[in-house]
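As a plain string of letters, each chain reads:
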Amino acid sequence: MKIGCPTEIKAQEFRVGMTPDAAAEAIAHGHEVLIQKGAGVGAGFEDSDYEAQGARIVDTAEAVFDEAEMIVKVKEPQASERKMLSEGQILFTYLHLAPDRAQTEDLIASGATCIAYETVTDAKGGLPLLAPMSEVAGKLAPQMGAWTLQKANGGRGVLMGGVPGVFPARVVVIGGGTVGQNAAVVAQGMGADVVVLDRSLPRLRQLDDLYKDRFKTIYASKAATAELVAEADMVIGAVLVPGAAAPKLVSREQLSGMKPGAVLVDVAIDQGGCFETSKATTHQDPVYEVDGVMHYCVANMPGAVARTSTMALNNATMPFMLALADKGWKTACADDPHLKAGLNVHAGKLTYAAVGEALGIDVTPVDEVINA
Ligand SMILES: NC(=O)C1=CN([C@@H]2O[C@H](COP(=O)(O)OP(=O)(O)OC[C@H]3O[C@@H](n4cnc5c(N)ncnc54)[C@H](O)[C@@H]3O)[C@@H](O)[C@H]2O)C=CC1
Ligand SMILES: CC(=O)C(=O)O
Ligand SMILES: [Mg+2]
């Protein structure tokens, strides 16, 4: 199969869909790899690194999309990229369709087969292609929140770790999955007083077993969430209902009860955000204020540490990329129910129930398109 990897064009996105190592593996499996000129530079990979592995460098994104049977990317295709997709082509990348009607409609219209990293599953009920980026975003969240808490950046002027004689920052993490766990560990490591809320009791038990000396766990009832948010210096939004639009857990009304200059870091923004007042921002202009509360809502946080993130992402995507290339999407999905869970759009049909529900679009069962 011809596998193509274009340069990411989302603002300040420096990751790349394939490392030279991933290209080498695909080539060893008998595939051809096309890399857009300069695609890896932001993550520290030169064109010559890819050429040394046998990949071919092409000048433009158009050339990649024209020739490749499968496109491997990082971020959801932007409008100009969606126009280049063609019928029968495989697109393997993050999609986050539930909050994004325009993208969903364009992908359906393209006739391509679109497999979303974030809905591929594993045998333990996890999301193996989301997890590495959630680890990164979780670790970044307290760092970005701490910067935003500084007075000159609009924050309350509270130091995460405090000093002897002065309380540390109070950090509330809503959602104790991969993002939440990593955020809580780093925030606690910075010296903050940390509470993690979740609606899953098994998950709270697991976190308590691992970290009871480092942070507290609380069941995420509406009342407990409201009380803790009102007292917080920083709230990190880290919930996920896979594939679905994020539930709104802090309303605009609640902001007036928060401390002036408190910070909301909405990591769940890629699924639409879990605070009512969240709207996606960019690394260039990451923070805005509503009713005295600072919001950090960057939808591609891992792009800030593009080299670490690219390598972590490729470690996870590589076996699935190879299965798709070796077997074609249909057999690869038929053979692996976890990859099958990644299929969101095929040949003009939406195939992911939670996206259909969020956007009011008819859904065709995955098995129907696989067996067609
Ligand atoms: N902004 C960015 O750059 C990035 C965003 N993300 C996003 O971060 C979010 C979290 O991802 P993960 O931690 O990997 O998900 P996860 O599935 O590991 O964890 C989500 C947790 O939220 C909990 N939850 C669900 N509904 C809840 C509710 N109403 N109240 C409290 N807890 C609730 C679940 O029980 C689960 O423990 C996702 O939307 C993901 O796409 C991930 C990486 C980068
Ligand atoms: C998961 C995601 O949206 C990202 O890594 O940008
Ligand atoms: Mg994102």
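Note: the structure precedes this text.
Figured I'd write up the structure that's included with this text. Computed from a prediction, not measured in an experiment: that's the story for all the values here.

## Overview of helix 5 (residues 101-110)
Reasoning step 1: Of the positions making up helix 5, those classed as buried are Gln103, Thr104, Leu107, Ile108 and Ser110. Relative to the axis of helix 5, the buried residues are bounded by an arc of 160° and lie together on one face.
Reasoning step 2: Following helix 5 by one or two positions, Gly111 has its phi on the positive side, about 80°.

## A few points about the site of ligand 1
Reasoning step 1: Neighbouring ligand 1 are 27 residues, the closest being Ser134, Val179, Asp198, Asp270 and Met301.
Reasoning step 2: Note that an oxygen atom of ligand 1 is positioned 2.7 Å from one of the side-chain N or O atoms of Asp270.
Reasoning step 3: For ligand 1, whose free accessible area comes to 870 Å², the fraction covered by protein is 88%.
Reasoning step 4: Residues that form the shell around ligand 1 fall into these classes: 15 nonpolar, nine polar and three charged.

## Quick word on the site of ligand 2
Reasoning step 1: Taken together, the residues surrounding ligand 2 are Arg15, Lys75, Tyr94, His96, Leu130, Met133, Asp270, Ala299, Asn300 and Pro302.
Reasoning step 2: The separation between an oxygen atom of ligand 2 and a polar side-chain atom of Asp270 is 3.1 Å.
Reasoning step 3: The class makeup of the residues in the shell around ligand 2 is five nonpolar, two polar and three charged.
Reasoning step 4: Taken domain by domain, the shell around ligand 2 gets at least three of its residues from each of domain 1 (2-119 + 306-371) and domain 2 (131-299).

## Thoughts on the layout of surface pockets
Reasoning step 1: Considering only enclosed or pocket space, the second largest pocket measures out at about 260 Å³ in volume.
Reasoning step 2: Lining the second largest pocket are 17 residues, and of these Lys10, Glu76, Ile269, Ala280 and Ala299 sit closest to its centre.
Reasoning step 3: Taken together, the residues that form the lining of the second largest pocket break down as six nonpolar, six polar and five charged.
Reasoning step 4: Each of domain 1 (2-119 + 306-371) and domain 2 (131-299) accounts for three or more of the residues forming the lining of the second largest pocket.

## Quick look at the packing of helix 1 (residues 20-28) against helix 11 (residues 306-335)
Relative placement of two packed helices is described by the angle separating their axes and the distance separating the axes.
Reasoning step 1: Their axes nearest at 10 Å, the elements helix 1 and helix 11 cross at an angle of 20°. By the angle between their directions, the pair helix 1 and helix 11 is classed as roughly parallel. Seen along the crossing, helix 1 lies across helix 11 with a hand that is right-handed. Of helix 11, the residues touching helix 1 (which contributes Asp21, Ala22, Glu25 and Ala26) are Asn314, Met318, Met321 and Leu322.
Reasoning step 2: Here the contact of helix 1 with helix 11 is composed, by residue class, of five nonpolar, one polar and two charged.

## Some remarks on the coordination of the magnesium ion (ligand 3)
Reasoning step 1: Here the magnesium ion (ligand 3) is held by the protein donor atoms Lys75 (NZ) and Ala299 (O), which lie 2.1 to 2.3 Å from it. With a gap of 224 residues between them, Lys75 in the loop between strand 4 (70-72) and helix 4 (79-82) and Ala299 in the loop between strand 13 (293-296) and helix 11 connect regions that are remote in the sequence.
Reasoning step 2: Residue class for Ala299 comes out buried when judged on its relative accessible area of 16%.

Conventions adopted
Residues numbered from 1 in each chain as written. Chains lettered and ligands numbered in written order. Predicted model: local features only at pLDDT ≥ 70, side-chain atom pairs only at ≥ 80, totals over all residues. Heavy atoms only, no water. Buried < 20%, exposed > 50% of the residue type's maximum accessible area, 1.4 Å probe, protein only. Helix = DSSP H or I, 4+ residues; strand = E, 2+ residues; numbered from the N terminus. Arc of directions from axis to C-beta. Near = heavy atom within 4 Å. Polar contact = N/O pair within 3.5 Å; in protein donor to acceptor, adjacent residues only side chain to side chain. Areas by Shrake-Rupley, 256 points an atom, 1.4 Å probe, with all protein chains shown as cover. Nonpolar A, V, L, I, M, F, W, Y, C, P; charged D, E, K, R; others polar. Domains from an automatic or database assignment. 1 Å grid on protein atoms, 1.4 Å probe; cavity = no way out; pocket = protein on both sides within 12 Å on 5 of 7 lines; lining within 4 Å. Points joined across faces, edges and corners; volume = space filled by probe spheres on them. Axes fitted to C-alpha atoms, helices over the stretch in contact; angles between N-to-C directions. Parallel < 35°, antiparallel > 145°, perpendicular 65-115°, else oblique. Left-handed = near helix turned anticlockwise from the far one by under 90°. Contact = heavy atoms within 4.5 Å. Donors = N, O, S within 2.8 Å, 3.2 Å for Na, K, Ca; no water.

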